[in-house]
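What the coordinates show
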Amino acid sequence: MSTPRSEGYGRFLLHDLRRDADGDTHPDFPLNRHAHASVLVTGRNFGSGSSREAAVYALVDAGVRAVFAPSFGDIFAGNAINNGLLPARISEEDMSLLFQALAGAALAAEVCLENSHIQIGDLRIGFDLDPGWRTKLINGWDDIDLTLAHRADIERHKEDLIRRAPWAEDTLTAVHAFPETLIYTKSFLSFVDKVNEAGKGVVQIDVRGGPEAIGMFQQPDAVRDGIVDMVYTPGSFYGGALPEKDAMVASNLTAVETRENGGIELIDQIHQEKMGLKYLGWFDSGVCYNLWTRNEPTFDENGNLEVEGLKLRGNNVYNAFFTNYLGAQVIDLPTGEVYSALQRGVVDATGWTQIGLIDLKWNEFLNYRIEPCFFSTDLGVIVNLEKWNSLSDESKKIIQDVAIQHEKDSVAALRAKRDEDFAALDAAGMTVVSLEGEAKANYLAAAREKTWERMKGLMAEQPGGTDNYDKLIELFYDLNAGLILPIRGVCMTVVSRFYKFLIDAMAVVAGATLVWLMVSVVTSVLMRNLGLQPFAWLFTSSEYGLLYMTMLGAPWLVREKGHVHIELVTSALPEGPRRIVSRLVALACVLVCVILAWQGLELFLKNIERGDYDTRAYYYPRWLLTITFPLCFGLMAAEFMRFVVGSDLMHTGEAGIHE
């Protein structure tokens, strides 16, 4: 999406299908024969894998107004509605009828949104369309317009809720920017729970959802306009209206320190004056950002990071640093689209905080963490000022007191979470690469100074200018302080505990996979007895299950000596020779496992490099299968090594079969 929308995306529509390698159009391709068609009829799963809005832009800019198909990609369908494109779902039979009616020709069609049908000559076919989507298309509404259309119902529900729960004298509605599974959202929901517990009979917070309720970038406007009372969001999502938030981005202090020195009080004052918002608190502060990459980073002769050729995901938080200092060409993507972009190779590097990578599953693709970390999170809670002023003094005190305490608690909680995530990533093979000396100092200085430059430039364009610039830097940055939350080594006790947990967890997954295998076999047999064709994915998942069950459970079986073996030779040997033979057998097992782990690692890396997929039933990356070889054989080698150097032996000296 590097091309501006104003230039039009129509020429990119199905580009590689409509054109040959020389760029000439295929004369027989339907869209080339009927370039002005506004209604398309396609097969199932149209738009799957096209989660970017550019796919819809291309259709709309090419003049397409409706697409008829048995099914659509979910994200594509949502984007289509938001851009005035009708994704009409029809049955497979109706799809065949439409294909027969068209027979390769272009015919006039009438599409009726109100009655949900398409008319081609004498043929009329109905289609499925969500009522809310129909309303949006007919009226040209977006999500906020649709919500406002129900404002009277919302107010009635609010009043009814108060009547049914008279103890809730004050109620605030709230949304959060990120999905519930992310650690930061969990922190906010913990704050809500604390307020609701402390505010029984006085004040309650009613969480209405996350980005699925109101888009993450629309939430700041929604709280300012009173559509919702409270939002938990990064300040960078409304940085254009309030550039002073960059003082928190470039900060090396925590919310606790800036609450004490008056920094948060100044930020609150600016929010009230510029946006009509109450800045309640700076949550989850003190967490740095790192640059994470798929491929090994390279450095120039002076030790500076090289970004040429890097497909770097951008974001409002760190684009000033990435582009103005590093000189990178960034690809702006919202958080929810990064996993797919990494999976498809659209990006191969991103900035992200020290925690949350595992929650988002980006660690499946990213292999390197670049130190030092930079910036600080700027996640905060903002409240509609009119709503805040309408609360009772007791309600305000409860919410503010809980917020201040949560600022303190979240620093410690996320510090622990960071150490936990780093340990897990290190155990999974994440490599840490560090800048040193002058290159490190320049890197950190640039992150800070480029952000300050951006803040000053944007402040100068707004009423009030740069009046608070120097004060913000004074309150949010300590030039004498070291890095906040420095990287700590993980003690051997934690490593040992995590190692045991990993093997136990893998065994649990193997056991669960065994249960699934039984369920899938029974389901397949039952379907065949009923004259039905078993689902293709049942067979494929069973094959995967056999591999996962075998490999994931193997290290635990070695540790527990649960593998089947027969003792003949060792049972006939005296104690001394038996111990030597047992350790030699264990050593042989170590060598075999190391070789298999090495071969498995090469296969795993080859799968990643080539982007291999198993497409028999669904798109499944092969590396998710082959990763079990280096992981499980490596752990088995470690477990067998315990029998080589430890006090315990593999063999008991008792003749017979052991399991």
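Residues numbered from 1 in each chain as written. Predicted model: local features only at pLDDT ≥ 70, side-chain atom pairs only at ≥ 80, totals over all residues. Heavy atoms only, no water.

Per an unreviewed UniProt entry, the chain carries the name 3-isopropylmalate dehydratase and comes from Durusdinium trenchii. Turning to the chain, the UniProt annotation filed under Subcellular location (unreviewed entry) states: "Cell membrane". What UniProt records for the chain under Function (unreviewed entry) is the sentence "Catalyzes the isomerization between 2-isopropylmalate and 3-isopropylmalate, via the formation of 2-isopropylmaleate." (UniProt positions renumbered as here; feature names shortened; annotations may be inferred.)

Digging into the overall build of the chain
Along the backbone of the chain there are 26 helices and 23 strands. Reported as C-alpha extents along the three principal axes, the dimensions of the chain are approximately 90 × 75 × 65 Å. Taking as baseline every contact in the chain between residues at least 6 positions apart, the subset at least 24 positions apart corresponds to 74%. In the form shown here, the chain has an accessible surface area of approximately 32200 Å², with 55% of it arising from carbon and sulfur atoms. The positive charge centre, built from 59 side chains, and the negative charge centre, built from 86, are 3 Å apart in the chain. (Helix = DSSP H or I, 4+ residues; strand = E, 2+ residues; numbered from the N terminus. Contact = heavy atoms within 4.5 Å. Areas by Shrake-Rupley, 256 points an atom, 1.4 Å probe, with all protein chains shown as cover. Lys, Arg positive; Asp, Glu negative; His and termini not counted. Charge placed at Lys NZ, Arg CZ, Asp CG, Glu CD.)

Examining the packing of aromatic side chains
Here the structure, examined in full by the defined rule, presents 24 aromatic pairs. Note on F46 and F72: the rings are 6.4 Å apart at their centroids and 90° apart in plane angle, and the pair reads as edge-to-face. Within this pair, whereas F46 is found in the loop between strand 1 (39-41) and helix 3 (53-61), its partner F72 is found in the loop between strand 2 (66-69) and helix 4 (74-82), the two being separated by 26 residues in sequence. Assessed through its relative accessible area of 18%, F46 is described here as buried. Here F72 falls in the buried class, since its relative accessible area comes to 13%. Aromatic rings pair up to connect F188, F191, Y232 and F283 into one cluster. The aromatic ring of F422 is capped on one face by R369, whose charged end is 3.8 Å from the ring centroid. Here the guanidinium or amino end of R642 rests over the ring plane of F643, the centre of that ring lying 5.6 Å away. (Phe/Tyr/Trp six-rings, centres within 6.5 Å; stacked < 30°, edge-to-face > 60°. Buried < 20%, exposed > 50% of the residue type's maximum accessible area, 1.4 Å probe, protein only. Lys NZ or Arg CZ within 6 Å of the ring centre and 35° of its normal.)

Focus: the pattern of salt bridges
The final tally for this structure, using the stated rule, is 23 salt bridges. Across the salt bridge formed by R369 and E371, the nearest N and O atoms sit 2.8 Å from each other. Accessibility assignment for this pair places R369 and E371 in one class, buried. Salt bridges here are not isolated pairs; linked through shared partners, they connect K245, D246 and R454. (Salt bridge = Lys/Arg side-chain N within 4 Å of Asp/Glu carboxyl O.)

Notes on the nonpolar core
Judged by nonpolar contacts, the single largest core of 49 residues is most densely connected at Y184, F191, M230, L280 and I399. Of all the secondary-structure elements, those providing two or more residues to this core are strand 7 (170-176), helix 9 (183-198), strand 8 (203-209), strand 9 (230-234), helix 15 (338-344), helix 16 (357-360), strand 18 (379-384) and helix 18 (393-427). At seven residues, the largest contribution of residues to this core is made by helix 18. Not counting residues up to four positions away in its chain, the partners in contact with I399 are L172, F191, V195, V203, L280, W388 and L391. The next biggest cluster of nonpolar side chains, apart from the first, holds 30 residues, and it includes I264, W452, L475 and Y477. (Core = buried A, V, L, I, M, F, W, Y, C linked by side-chain atoms within 4.5 Å.)

As for the confidence of the model for the chain
When the pLDDT values of the chain are averaged, the result is 84; 90% of them are 70 or greater. The low-confidence segment residues 482-493, where pLDDT is below 50, has 22 contacts with residues more than four positions distant or belonging to other chains. (pLDDT = per-residue confidence, 0-100.)

Re the sheet that holds strand 14 (residues 312-314)
Read across the sheet, six strands follow the order 15-14-16-11-17-19 without closing on themselves; strand pairing throughout is mixed. For this open sheet the edge positions go to strand 15 (330-332) and strand 19 (431-434), each flanked by a neighbour on one side alone. This sheet shows a mean twist of 40° between the axes of neighbouring strands, independent of strand direction. Bridging between strand 11 (residues 289-293) and strand 16 (residues 349-353) involves five bridges; their strand directions are antiparallel. Bridging from a neighbouring strand, L291 pairs with G351 of strand 16. Its contacts with the sheet put helix 19 (residues 437-460) on strand 11 and strand 17 (368-374), and the angle it makes with strand 17 is roughly 65°. (Pairing = 2+ DSSP bridges. Axes fitted to C-alpha atoms, helices over the stretch in contact; angles between N-to-C directions.)

Notes on the sheet that holds strand 4 (residues 110-112)
Pairing within the open sheet is antiparallel, and its three strands lie in the order 4-5-6. Strand pairing shows two members of the sheet lacking a second neighbour, strand 4 and strand 6 (123-126), which therefore form its edges. Across this sheet, the average inter-strand angle for adjacent strands is 15°, counted without regard to direction. Inspection of the sheet shows strand 5 (residues 117-120) paired to strand 6 by four bridges, in the antiparallel sense. Within strand 6, the position partnered with I118 by the bridge is I125.

Overview of the packing of helix 9 against helix 18
In a packed pair of helices, the relevant descriptors are the angle between the two axes and the axis-to-axis distance. Their axes nearest at 10 Å, the elements helix 9 and helix 18 cross at an angle of 145°. Regarding helix 9 and helix 18, the two cross each other, and that crossing is right-handed. The segment helix 9 lies against helix 18, with I183, Y184, S187, S190, F191, K194, V195 and A198 engaging I398, I399, V402, A403, H406, D409, S410, L414 and K417. Counted by class, the contact of helix 9 with helix 18 contains 10 nonpolar, four polar and three charged residues. (Left-handed = near helix turned anticlockwise from the far one by under 90°. Nonpolar A, V, L, I, M, F, W, Y, C, P; charged D, E, K, R; others polar.)

Topic: helix 19
For helix 19, spanning 24 residues, the distance from its first C-alpha to its last is 35 Å, which sits close to the expected 34 Å at 1.5 Å a residue. Within helix 19, the full set of buried residues consists of A439, Y443, A445, A446, A447, R448, T451, W452, R454, M455 and M459. (Expected span 1.5 Å × (residues − 1).)

Description of the UniProt feature "transmembrane region" (unreviewed entry) in the chain
Following the UniProt record, the feature "transmembrane region" (unreviewed entry) maps to residues 501-523, 535-559, 580-600 and 620-641 here. Helix makes up 100% of residues 501-523 and strand 0%. Its end C-alpha atoms lie 33 Å apart. Here residues 620-641 is 82% helix and 9% strand, with 34 Å between the C-alpha atoms at its ends.

Let's talk about the pairing of strand 10 (residues 277-282)
By the criterion of burial, strand 10 is predominantly enclosed, with six of the six residues buried. One ladder, built from five bridges, connects strand 10 with strand 18; its direction is antiparallel. Directly across from W282, in strand 18, lies its bridge partner G380.

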